[in-house]
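Here is how the chains run, residue by residue.
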Amino acid sequence: MVTETKTDFDQVVDQITQNYISDEVFVTKENRRLPGRSNIIVLIKRLRALMFPGYFEEKNFEYTDAKYFVGNTVNSIRRELRQQVETALLYTNEHESLSCIAKKADDIASFFIGRLADIQNMLLKDVQAGFDGDPAAKSRQEIISSYPGVFAIFVYRMAHELYIKNVPFIPRVMTEYAHSRTGIDINPGAEIGEYFFIDHGTGVVIGETTKIGNNVKLYQGVTLGALSTRKGQLLADVKRHPTIEDDVTIYSGATILGGETVVGAHSIIGGNTFITESVPAHTKVTLKAPEMTFQADPPKGPVNNGDWMI
């Protein structure tokens, strides 16, 4: 049996320890730490229970207890969110005073709580869009309880409110959690209007600077992406992703790229299309099917029928 010597062991320990000290990517310095991913996931679950009571918690929801339930849940959400936001701000703003960070965290938590009723109304419209747009749906209740697109949109709408307040880390942790659960990748920076539906959903990608209007429907495998990211961080504040106007349907596998690309209102984008230029309103874009030829197997035996010479 071959075992490492104590010297080898010590060398590995020293090298990894030195990496901790020398690279700022590690979170061990100055007692700063990142927000807890598990805490953020618990927060998502509490928000989902608040938005759609009776669907995801074990106990039954009674309307007679609604006011108590809402008050208690909102209070716990506010408390946990404030703590996680403060942790995130402390990590990224090491030169600000603790009192200033605490005030910012409190203001952000209050803003977020103040948005919850409006977000719920948006989510109900998204659920309705799913029901209206999917003939396989049996009820809105089925969509809430089982459709991955609705879950991804729910998480995105929560994360977006924190994104626009410049909260670090937390919005992306939220949407990446939804991504891992559903296969749908919506950057929290995207701007998405009302009555939005993603059908099936697996493989959908919506980039950070995407703008989507009202009553837009996407199918699986749609990419709303950037033409190129080779310039990396130089593109951080540049619109890189397309604009999709109102009442657009984009079918499976379509790829639409570029910050200057606009898909006009009431357009239909066919499956597997690749678009890098703007599309006028009321346009149907389809991929021309390749011509197909069929050739029968040659008959067995020595024949000459004008088609086959054997």
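Scroll up a little and you will see the structure.
Residues numbered from 1 in each chain as written. Predicted model: local features only at pLDDT ≥ 70, side-chain atom pairs only at ≥ 80, totals over all residues. Heavy atoms only, no water.

1. Quick notes on the overall build of the chain
1) Next: A count of helical and extended segments in the chain gives seven helices and 14 strands.
2) Next: A separation threshold of at least 6 residues defines the contact pool for the chain, and within that pool the share at least 24 residues apart is 47%.
3) Next: Total accessible area on the chain stands at roughly 18,300 Å², and carbon and sulfur atoms take up 52% of it. (Helix = DSSP H or I, 4+ residues; strand = E, 2+ residues; numbered from the N terminus. Contact = heavy atoms within 4.5 Å. Areas by Shrake-Rupley, 256 points an atom, 1.4 Å probe, with all protein chains shown as cover.)

2. Notes on the sheet that holds strand S3 (residues 197-198)
Within a sheet, neighbouring strands are paired by backbone hydrogen bonds and run either parallel or antiparallel to one another.
1) Next: As summarised here, the arrangement of the five strands in space is S3-S6-S9-S12-S14, forming an open sheet in which the pairing is parallel. Unpaired on one side and paired on the other, S3 and strand S14 (284-285) mark the two borders of the sheet.
2) Next: As paired elements, strand S12 (residues 268-269) and S14 share two bridges and run parallel to each other. Along S14, the bridge assignment pairs Ile268 with Lys284. (Pairing = 2+ DSSP bridges.)

3. Quick notes on the pattern of salt bridges
1) Next: Under the counting rule described, the total for this entry stands at 11 salt bridges.
2) Next: Ionic pairing is found between Arg115 and Asp118, a salt bridge with its closest N-O pair at 3.0 Å. In this pair, Arg115 and Asp118 are both assigned in helix H4 (residues 98-133), three residues apart and thus about one turn of the helix distant.
3) Next: Between Arg172 and Glu176 there is a salt bridge, and its shortest N-O distance comes to 3.1 Å. Within this pair, Arg172 and its partner Glu176 are both found in helix H7 (residues 170-182), separated by four residues, close to a single helical turn. (Salt bridge = Lys/Arg side-chain N within 4 Å of Asp/Glu carboxyl O.)

4. Points about the nonpolar core
1) Next: Within the largest apolar cluster, 42 residues are counted, with the highest numbers of intra-cluster contacts made by Phe112, Leu116, Phe154, Met158 and Met174.
2) Next: Counting residues per element, the ones that place at least two in this core are helix H2 (37-51), helix H3 (66-92), H4, helix H5 (140-146), helix H6 (148-163) and H7.
3) Next: Here this core gets 11 residues from one element, more than from any other, and that element is H4.
4) Next: If we ignore the near neighbours within four places in the chain, the residues touching Met158 are Leu47, Met51, Phe112, Leu116, Ile119, Leu123 and Met174. (Core = buried A, V, L, I, M, F, W, Y, C linked by side-chain atoms within 4.5 Å. Buried < 20%, exposed > 50% of the residue type's maximum accessible area, 1.4 Å probe, protein only.)

5. Looking at the environment of Ala159
1) Next: Considering the arrangement of structural elements, one finds Ala159 in helix H6.
2) Next: Note on Ala159: relative accessible area 0%, which makes it buried.
3) Next: Expressed as a C-alpha distance, the spacing of Ala159 and Asn187, which sit 28 residues apart in the sequence, is 8.9 Å.
4) Next: Other than its neighbours up to four places away in sequence, Ala159 contacts Pro171, Met174, Thr175 and Pro188.

Geometric descriptors of this kind do not, in isolation, establish any biological role.
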